[in-house]
Amino acid sequence: MADISGVMKKEAQKDSSMELQKKMLEDHAKRLSQAKEEGKKIVYTFVPGNLTELILSAGALPVYPEINALQSGMRKLSADYINEAERIGHSEDVCTYVKCDVGMMLKGNTGPQGTHMPEPDLLLLSYTGCFVFMKWFENLKQHYKCPCVMLHVPYQADGSITESAREYVVKQLIEKVVPALEETTGKKLDLDELSWRLGLSRKAEDDLVWTLESAKLKPTPIDAYFTGVYYIGPMFTAFRGTEDAVEYYRLLKEEVQERIDSKLGPMTPEGILPRERYRLVVEGPPNWTNFRDFWKIFYDEGAVIVASSYTKVGGLYDLGFRHDPDRPFESLAEYCMGCYTNLNIPSRIDLLEKYIRDYQADGFVINSIKSCNSFSAGQLLMLRELEKRTGVPGGFIESDLVDPRYYSQANIKNRLESYFQMLAQRRSGKQVSGDSLSMEQAGAR
Amino acid sequence: MNIKESAKVKLEDIIATAERYFYDVHLNFISDWKKEDTQRKAVGCLPIYTPGEILIGSGVRPVYTWGGGDQVNIIRGDSYYQSYICHFPRSVIELGLGNWKVALDGLICPAICDVIRNVSGVWKVLFPEKLVYYLDFPQNFDTTIGGSFYRRELEELSERLLSLSGCKFDEDSYRKAIVLYNQNRRMVRKLSKLRLDNPSWIPSWEYYLLMRAGGVLEVKEHTKLLEEYYAVVTDLQRPEQDNARIMIVGGFCEQPPLSLIKTIERSGCDIVDDDFTLGFKFLEEDIREEGDPFEALVSAYLLHSTYSSVKYEGDEPKSEQLVRAVKARNVDGVLLMSPSFCDPSLLDRPHFQSALDAAGIPYTTLQYAENLGQFQAIREQTGTFAEAIKLWGEA
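It should be emphasised that the depicted structure is a prediction, and the values quoted were computed from it without experimental measurement.

### Comments concerning the overall build of chain A
When helices and strands are counted, chain A shows 18 helices and 10 strands. For 445 residues, the compact-globule estimate of 2.2 N^0.38 gives 22 Å, and the C-alpha radius of gyration of chain A, at 21 Å, lies within 12% of that figure. The 445 residues of chain A split such that 67% are buried. Of all intrachain contacts in chain A linking residues separated by at least 6 positions in sequence, the fraction that spans at least 24 positions is 78%. Within the structure as shown, chain A displays about 15,700 Å² of accessible surface, and the carbon and sulfur contribution to it stands at 49%.

Structure representation (structure tokens):
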């Protein structure tokens, strides 16, 4: 049970949903490590635009290299892996997820959970919102000598999904991706199972959205970035379309409801946040190598993240999208095209503006990631536009995903503390802790 | 005046013309051209490839742009991009906020990387009155899948261009544009072949200037300039040098400064092929000149576009295609030359290196930025590379 006193503790405090997720991940790692013996086929794919329901319905198990990379970062393994990749010619300038994954492979492919990561039988290149994905799997294809199927997902260049783009993705799903999966597993895709799984996804998605939108309350019962990355875990990875995920999100919703009823703030590694001082929106992924230190800078100041763009890279469910069992391929196509990094810069600005207003944020922070051009290129313009449109001040910090060479605690802390001071000065004379707001008032579903 | 003397004079004129366009990064030439008739429209095209036939057929002048190189002092552009993003978009913004506002009525951003993709959004915010088109190239090369999608992309682009130019749709004007571009592609191929066979006749910096002039010149004029150059260098027959034959790979978007190309040549390398200004040779065969022009453009892209770091390799690894290209060109070594922070180029480097290693082909790697100002270290590196090849046949 969580410590609600806010007293400093050495061991990280965890909600029971986090414990459940940990067990789900361990079980999945075990399944992966036994997959080859049990004749299960392995499909590597990416988080944005992932087709987990389809992979599971085809009877294969998914592996997400970005997740391996970020977990390696959290477990302080990434620096060695990155060095290994740079030794074979990867530049310092490129994506550290790629280098971490390549390095892990070169060093024997022991996954972050400590179990052996099976080699892929198929690379499902869901090419959504990140150009590097294509280069990443072209590199892996050379190393693993395994087949690769491309799913090219057009960009929402004008801020909407065109009919031509939808048709293009659906055609690729039906004529390329499904046959490649069937060829890999030797089994015909069970469409009924796919629809059933999409129905499960939908249920879980409803509860995820409810959870994320609970941050509209004052005080917010969740942190939509630092704990948000745990909340999106099952949804963005191997569990969407499973009963485990439905159960996880049911439990999470219950847990959050309890916190709302008790008027408690979000969980931090040192217990429940005792006082919400600043409500922030965050753009960009977190740093994983120093995740807890990074988080601490915020919660030490009572800063809580009420909405974030990173928790939308695997789907913008809060804008209404749901997987649809009656339109399996169309809804998978729409899902792929709707991920956050597949939105153009004006749409990203609009979305963040909406978050700042809907979640009554005091400010927003951009964590600009050195090795992620998809997120980072254009963020300085976003900063200016958001400040201009909302009048809310923005903070800008720089770090990296999993390369510890590009994370400086002192610099980031210094910059954020100045930012928090500025927020405090701006509203001096006003009430620091906001009025409480009910879920209905907050407009949460 | 004998033939060679007269060729020398002509060559000076041709290079002076090419230089005039090369150094006009602010596109004053285009804004002057528009002043002559206020109905005229021009749209910029970022690297690598945009089918200019669609622009010309829609009554709009295509202007292929490669940023400011080392000629622009970046002041405002730096405030839009962090230090770890390549240099190219900074100069695109810097120039965009300058004379390009007058010269260009729009910008086409081909789908080549996340930075160019996001430049399209930045332009939309900064210049809402202009046409900004993100041209999404298919990564599926089946006619009925990627082909249908690409066709719709081209139709959409032409609709927007027609509404900009005020012209009416006329299929024949696209066919005529295809004829003009086919002539240009044939001339580029012919010149490239001459350079491959006789690299000392065509210094790379001259070849490069001529290609860059094609960014601003109308396609017909560009073809004419190339024809004149071809005739002149054939008359001149510059003497052979004892240089290493090298090929440069990786500089297809952000361009190296002209001095860098000269530095590499002066260090003892004959650059017999490169992928700078790749758009001019992106399609390796002529496009069908009869029938449906859109269909012809689609099929040319699907079936006859060159391998490139920005295209999905499918079942044919790019590294193998590179090795084949190296052998076909009979080069002594490869210079893997990438702009700093360029994902497509740098992420191909490891498997290019291992394929070249496996094939026993010497290579060296270097990084640059368009505004690079120091060349001594590169001169030493490429000079050593060339010497090693000449002395021992390996780097």
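### Let's talk about the nonpolar core
By size, the foremost hydrophobic cluster in this structure holds 278 residues, and its most contacted members are A:Leu54, A:Tyr97, A:Leu125, A:Leu173, A:Leu280, A:Tyr310 and B:Ile264. Broken down by element, this core gets its largest block of residues, 9 residues, from helix α7 (residues 163–185) of chain A. With near-sequence residues (within four places) excluded, B:Ile264 lies in contact with B:Ile246, B:Ile248, B:Cys269, B:Ile271, B:Leu335, B:Met337, B:Ile378 and B:Thr382. The next biggest cluster of nonpolar side chains, apart from the first, holds 16 residues, and it includes B:Leu196, B:Leu336, B:Phe352 and B:Leu356.

### Here's the deal with the interface of chain A and chain B
Taken together, the 54 residues of chain A in the interface contact 53 residues of chain B. Between chain A and chain B, a total of about 4,600 Å² is buried, with carbon and sulfur atoms accounting for 57% of that surface. On inspection of chain A and its partner chain B, the count reaches 6 salt bridges. Between A:Glu138 and B:Lys318 there is a salt bridge, and its shortest N-O distance comes to 2.9 Å. In this assembly, chain A and chain B are joined by 33 residue pairs in polar contact (both at pLDDT 80 or more).

### Here's the deal with a positive patch on the surface
On the surface, A:Lys14, A:Lys22, A:Arg75 and A:Arg292 cluster together into a patch of positive charge. Along the polypeptide, A:Arg292 turns up in helix α12 (residues 291–300).

### Focus: the packing of aromatic side chains
Evaluated as defined, the whole model comprises 47 aromatic pairs over all chains. The interplanar angle of 90° and the centroid separation of 4.8 Å between the aromatic rings of A:Tyr248 and A:Tyr249 together place this pair among those described as edge-to-face. Look at B:Tyr150 and B:Tyr301: their rings are 5.0 Å apart centre to centre, the planes differ by 50°, and that puts the pair in the tilted class. Of this pair, B:Tyr150 sits in helix α7 (residues 143–165) while B:Tyr301 sits in helix α12 (residues 293–304), and the two are 151 residues apart along the sequence. Overall, the relative accessible area of 0% leaves B:Tyr150 in the buried class. On the basis of relative accessible area, B:Tyr301 is assigned to the buried category, the value being 2%. Residue placement shows A:Lys216 over the ring face of A:Tyr359; its charged tip is 5.3 Å from the ring centre. The lysine or arginine in question, B:Lys311, covers the ring of B:Tyr301, its NZ or CZ lying 5.8 Å from the ring centre.

### Some points on the sheet that holds strand β2 (residues 61–64) of chain B
All names here are of chain B. Here we have 4 strands laid out as an open sheet, ordered β2-β1-β3-β4, and parallel in their pairing. Of all the strands in the sheet, just β2 and β4 (131–135) have a single pairing partner and so form its edges. Taking the axes of each pair of neighbouring strands and ignoring which way they run, one obtains an average angle of 25° across the sheet. Pairing analysis gives 4 bridges linking strand β1 (residues 42–45) to β2, with the strands arranged parallel. Across the sheet, residue Gly44 finds its bridge partner in β2, namely Val63. Set on the sheet, helix α2 (residues 28–36) makes contact with β1 and β2; between it and β2 the angle comes to about 165°.

### Observations regarding α7(A)
Residues and elements named next belong to chain A. Between its terminal C-alpha atoms α7 stretches 31 Å, which fits the 33 Å expected from 23 residues at 1.5 Å a residue. Along α7, the helix axis deviates most sharply at Leu173, where the bend reaches about 40°. Positioned one or two residues after α7, Gly186 has a phi angle of 75°, which is positive.

### A few points about unusual backbone geometry
The step from A:Lys218 to A:Pro219 runs through a cis peptide bond, and the omega angle for that step is -5°. Note that A:Pro219 resides in the loop between α8 (191–213) and α9 (228–231). A cis amide bond links B:Pro47 with the next residue in sequence, B:Ile48, at an omega value of 5°. In this fold, B:Ile48 is placed in the loop between β1 and α3 (52–57). Phi angles above zero are rare outside glycine, and A:Lys76 is one such case at about 60°. Assignment of secondary structure puts A:Lys76 in the loop between α3 (65–74) and α4 (78–87). Unusually for a residue other than glycine, B:Gln237 sits at a positive phi of about 45°. Of the residues examined, B:Gln237 reaches a relative accessible area of 43% and is grouped as partly exposed.

### Observations regarding the confidence of the model for chain A
All names here are of chain A. Predicted confidence across chain A gives a mean pLDDT of 92, with 93% of residues reaching 70 or more. A low-confidence stretch, residues 1–9 (pLDDT under 50), is modelled with 16 contacts involving residues beyond four sequence positions or located in other chains. Contacts for the low-pLDDT stretch residues 431–445, under 50 throughout, to residues beyond four places or in other chains number 32 contacts.

### Quick look at the pattern of salt bridges
Residues and elements named next belong to chain A. Within this structure, the stated rule accounts for 67 salt bridges over all chains. Close ionic contact of Arg250 with Glu247 constitutes a salt bridge, the shortest N to O distance being 2.7 Å. Taken together, the residues Arg250 and Glu247, both in helix α11 (residues 243–261) and 3 residues apart, mark about one turn of the helix. According to the relative accessible area criterion, Arg250 is partly exposed, its value standing at 36%. Of the charged contacts, one joins Arg389 and Glu353 as a salt bridge, the two residues approaching to 2.8 Å between their closest N and O atoms.

### Observations concerning the environment of B:Phe276
Residue and element names in this part refer to chain B. One can find Phe276 in the loop between β6 (269–273) and α12. A relative accessible area of 2% places Phe276 in the buried class. Through-space distance from the C-alpha of Phe276 to that of Gln255 is 6.6 Å; in sequence the pair is 21 residues apart. What Phe276 contacts, discounting residues up to four positions off in sequence, is Tyr208, Ile248, Gly251, Gln255, Pro256, Ile261 and Met337.

### Concerning the layout of surface pockets
All names here are of chain B. Approximately 640 Å³ is the volume attributed to the second largest pocket. Around the second largest pocket sit 29 residues that line it, and Asp273, Lys281, Glu284, Thr306 and Arg329 are the ones nearest its centre. Where the lining of the second largest pocket is concerned, the elements lending two or more residues are α8 (171–197), β5 (244–249), β6 and α13 (318–329). In terms of residues, the lining of the second largest pocket owes the most to one element, α13, which gives 7 residues. Split into classes, the residues belonging to the lining of the second largest pocket amount to 13 nonpolar, 5 polar and 11 charged.

### Details of the sheet that holds strand β7 (residues 333–339) of chain B
Residues and elements named next belong to chain B. Strand order in the open sheet made by the 4 strands is β6-β5-β7-β8, with parallel pairing throughout. Only two strands of the sheet have a single neighbouring strand rather than two, namely β6 and β8 (363–368). The average angle at which neighbouring strand axes cross in this sheet is 35°, direction not considered. When β7 meets β8, the two strands line up parallel, connected through 6 bridges. Within β8, the position partnered with Leu335 by the bridge is Thr364. The strands that helix α11 (residues 258–266) touches are β5, β6, β7 and β8; relative to β6, the one it contacts most, it runs at about 120°. Sheet strands in contact with α13 are β5, β6 and β7, and its direction is about 150° off that of β5.

How each quantity is defined
- Each chain carries its own residue numbering, running from 1 in the written order of its sequence.
- Chain labels run from A onward and ligand labels from 1 onward, assigned in the order the entries are written.
- In view of the model being predicted, local features appear only for residues whose pLDDT reaches at least 70, and side-chain atom pairs are presented and counted only at 80 or more, with totals across whole chains, interfaces and linings using the full set of residues.
- Side-chain measures were taken over the full set of non-hydrogen atoms in the model, leaving aside hydrogen atoms and water.
- Helix and strand assignments follow DSSP, with helices taken as H or I runs no shorter than four residues and strands as E runs no shorter than two, numbered in order from the N terminus.
- Radius of gyration here uses only the C-alpha atoms, and the compact-globule reference equals 2.2 Å multiplied by the residue count raised to the power 0.38.
- Using a 1.4 Å probe on the protein chains alone, a residue whose accessible area is under 20% of its type maximum counts as buried, one over 50% counts as exposed, and one in between counts as partly exposed.
- Contact definition: two residues touch when any of their heavy atoms are within 4.5 Å.
- In these tables, accessible area is a Shrake-Rupley quantity obtained with a 1.4 Å probe, and a residue counts as shielded only by the protein chains included in the view.
- The set of buried Ala, Val, Leu, Ile, Met, Phe, Trp, Tyr and Cys residues whose side-chain atoms join them within 4.5 Å is what this entry labels a nonpolar core.
- Here the buried area means the combined drop in accessible surface, using a 1.4 Å probe, for two parts upon being joined, counting both sides.
- Every case where a carboxyl oxygen of Asp or Glu lies within 4 Å of a side-chain nitrogen of Lys or Arg is listed as a salt bridge.
- Under this definition, polar contacts are N or O atom pairs within 3.5 Å; protein pairs additionally need one hydrogen-donor-capable and one acceptor-capable atom, and for neighbouring residues in sequence, both atoms have to be side-chain atoms.
- Exposure above 30% relative accessible area and the absence of a salt bridge qualify a residue for a patch, where like charges join within 9 Å and nonpolar side chains (Val, Leu, Ile, Met, Phe, Trp, Tyr) within 5 Å.
- When charges are counted, Lys and Arg contribute as positive and Asp and Glu as negative, whereas His and the chain ends are disregarded.
- Note that the charge is assigned to NZ on lysines, CZ on arginines, CG on aspartates and CD on glutamates.
- Stacked, tilted and edge-to-face are the three classes assigned to paired rings of Phe, Tyr and Trp, where Trp is represented by its six-membered ring and a pair needs centres within 6.5 Å; plane angles under 30 degrees give stacked, over 60 edge-to-face, the rest tilted.
- To sit over a ring, a charge needs its Lys NZ or Arg CZ within 6 Å of the ring centre and within 35 degrees of the ring normal.
- Paired strands, as defined in this entry, are two strands with at least two bridges between them according to DSSP.
- Fitted lines through C-alpha atoms give the axes, limited to the stretch in contact for helices. The angle between two N-to-C directions lies from 0 to 180 degrees.
- Take the number of residues in a helix, subtract one, and multiply by 1.5 Å to get its expected span.
- Here the bend at a residue means the angle between the axes of two seven-residue stretches, the one that ends at it and the one that starts at it.
- Each residue carries a pLDDT score, the predictor's own confidence in it, on a scale running from 0 to 100.
- Think of a 1 Å grid over the protein atoms and nothing else: a 1.4 Å probe that fits but is trapped marks a cavity, an open set flanked by protein within 12 Å on at least five of seven lines marks a pocket, and residues with an atom within 4 Å of a point count as lining.
- Grid points are joined across faces, edges and corners, and a volume is the space filled by probe spheres set on the points.
- Charged means Asp, Glu, Lys or Arg here, nonpolar means Ala, Val, Leu, Ile, Met, Phe, Trp, Tyr, Cys or Pro, and polar covers whatever is left, Gly included.

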